Amino acid sequence: MKTITIDFVRHGQTIFNTMDKLQGWADSPLTANGIATADQVGQLLQDTKYQSYHSSDLKRAIDTAKHIIQPNHFLQAEPEQHEDFREVFFGSYEGLDFHQAWIAVGKDQQLDCKTQAEIIQKYSFDAARDAMHAADPRHLSEDGATFSSRVDRGIQELLTEAHDSDRLLVVTHGTLIRSLVLRYGPDFDALGNYPANGGITTLVAQETTTGFTGKITAYNRVN
């Protein structure tokens, strides 16, 4: 069965990041620090041989990927974009204060939790997504099953298109990376240590007869 290695990189810092605003499918530009981080990641990875570069189809991820690709002298000037590697959709909570939104979700769902991390630790990652979906007055926020299935679909697509032993780079988002670590890297602390802007997380994915299995071998590497 085919095995590939995927380096997932969280996009550089954005304006919404500096304001602690929920930023899922909503987008905001990279800050000067965010651009500098992307350039640093490009330098860090310039000797890593990737067969292809990918990103979510959100601008902050695309822009970060372009800065990473630039010093690598790779024929692919821009990343291949994938909707499946978008950040989770926060629905009606998009653009709102991160802390206040999760306090509201916990109160609405009577979870006795005031943060997303508390909900995940007490219940599960999917429970946190389901709670936000239920609390969302428009019920637009992605539930756990919908989110996980699209991320799996994206990884499966990469596996199908790649050759055995290929190494790929995917620029994506913090909650998506955290979800992968919670599923495939139980030895890493994805609750107390949120993915850093520019942090590199490595997933080894192997084909199976029913899909794939995964193992996180490195988390949140920044140098």
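Residues numbered from 1 in each chain as written. Predicted model: local features only at pLDDT ≥ 70, side-chain atom pairs only at ≥ 80, totals over all residues. Heavy atoms only, no water.

(A) Region of interest: the pattern of salt bridges. Under the counting rule described, the total for this entry stands at eight salt bridges. A salt bridge links Asp-57 to Arg-86, with the shortest nitrogen-to-oxygen separation between them at 2.7 Å. Pair noted here: Asp-57 is in the loop between strand 2 (52-56) and helix 3 (59-69) and Arg-86 is in the loop between strand 3 (80-82) and helix 4 (98-108), with a separation of 29 residues, a long-range link. Take Asp-57: its relative accessible area is 24%, and that puts it in the partly exposed class. With its nearest N and O atoms 2.7 Å apart, the salt bridge here joins Asp-84 to Arg-153. Separated by 69 residues along the polypeptide, Asp-84 in the loop between strand 3 and helix 4 and Arg-153 in helix 7 (residues 144-161) bring together distant segments of the chain. (Salt bridge = Lys/Arg side-chain N within 4 Å of Asp/Glu carboxyl O. Helix = DSSP H or I, 4+ residues; strand = E, 2+ residues; numbered from the N terminus. Buried < 20%, exposed > 50% of the residue type's maximum accessible area, 1.4 Å probe, protein only.)

(B) Looking closely at the packing of helix 7 against helix 8 (residues 174-184). It is at 11 Å that the axes of helix 7 and helix 8 come closest, and there the two elements cross at 85°. Classified by the angle between their axes, helix 7 and helix 8 sit roughly perpendicular to one another. For the pair formed by helix 7 and helix 8, the contact residues are Phe-147, Ser-148, Val-151, Asp-152 and Ile-155 on the first element and Leu-176, Ser-179, Leu-180, Arg-183 and Tyr-184 on the second. In the contact of helix 7 with helix 8, the residues fall into six nonpolar, two polar and two charged. (Axes fitted to C-alpha atoms, helices over the stretch in contact; angles between N-to-C directions. Parallel < 35°, antiparallel > 145°, perpendicular 65-115°, else oblique. Contact = heavy atoms within 4.5 Å. Nonpolar A, V, L, I, M, F, W, Y, C, P; charged D, E, K, R; others polar.)

(C) Representation of the sheet that holds strand 1 (residues 3-10) within the structure. Spatial ordering of the open sheet is given by 3-2-4-1-5-6, a layout of six strands whose pairing is mixed. Looking at which strands have only one partner, the edges of the open sheet turn out to be strand 3 and strand 6 (212-221). Between one strand axis and the next, the sheet turns through 25° on average, direction left out of account. In this structure, strand 1 lies alongside strand 4 (residues 167-172), joined through six bridges in parallel fashion. Note that in strand 4 the partner of Ile-6 across the bridge is Leu-168. Set on the sheet, helix 8 makes contact with strand 1, strand 4, strand 5 (200-207) and strand 6; between it and strand 6 the angle comes to about 120°. (Pairing = 2+ DSSP bridges.)

(D) Representation of helix 6 (residues 125-135) within the structure. Within the sequence span of helix 6, burial applies to Phe-125, Ala-128, Arg-129, Ala-131, Met-132 and Ala-135. Projected down its long axis, helix 6 carries its buried residues within an arc of 160°, all on one side. Buried residues along helix 6 sit against helix 4, helix 5 (116-122), helix 7 and helix 8. (Arc of directions from axis to C-beta.)

(E) Spotlight on the packing of aromatic side chains. For the structure on display, the rule yields six aromatic pairs. Relative to Phe-212, the ring of Tyr-184 has its centre 6.2 Å away and its plane inclined at 50°; by these criteria the two rings are tilted. With a gap of 28 residues between them, Tyr-184 in helix 8 and Phe-212 in strand 6 connect regions that are remote in the sequence. Like Phe-212, Tyr-184 is buried. The ring centre of Trp-25 lies 4.7 Å from the NZ or CZ of Arg-86, which sits over that ring. (Phe/Tyr/Trp six-rings, centres within 6.5 Å; stacked < 30°, edge-to-face > 60°. Lys NZ or Arg CZ within 6 Å of the ring centre and 35° of its normal.)

(F) The packing of helix 4 against helix 6, seen in detail. Closest axis-to-axis distance for the helix 4/helix 6 pair is 9 Å, and the angle between their directions is 85°. Judged by the angle between their axes, helix 4 and helix 6 are roughly perpendicular. Across from Trp-102, Val-105 and Asp-108 in helix 4, the residues of helix 6 making contact are Ala-128, Arg-129, Ala-131, Met-132, Ala-134 and Ala-135. A breakdown of the residues in the contact of helix 4 with helix 6 according to their chemical character gives seven nonpolar, no polar and two charged.

(G) Structural view of the layout of surface pockets. Considering only enclosed or pocket space, the largest pocket measures out at about 380 Å³ in volume. Breaking the lining of the largest pocket down by element, the ones donating at least two residues are helix 1 (15-18), helix 4, helix 5 and helix 8. Split into classes, the residues belonging to the lining of the largest pocket amount to seven nonpolar, seven polar and six charged. (1 Å grid on protein atoms, 1.4 Å probe; cavity = no way out; pocket = protein on both sides within 12 Å on 5 of 7 lines; lining within 4 Å. Points joined across faces, edges and corners; volume = space filled by probe spheres on them.)

(H) Summary view of helix 4. Among the residues of helix 4, those classed as buried are Ala-101, Trp-102, Val-105 and Gly-106. Seen along its axis, helix 4 keeps its buried residues to an arc of 130°; they face one direction. In helix 4, those exposed residues whose orientation departs by more than 90 degrees from the buried face are Gln-100 and Lys-107. In the core, the buried residues of helix 4 are packed alongside helix 5 and helix 6.

Shape descriptors only; they carry no functional weight alone.
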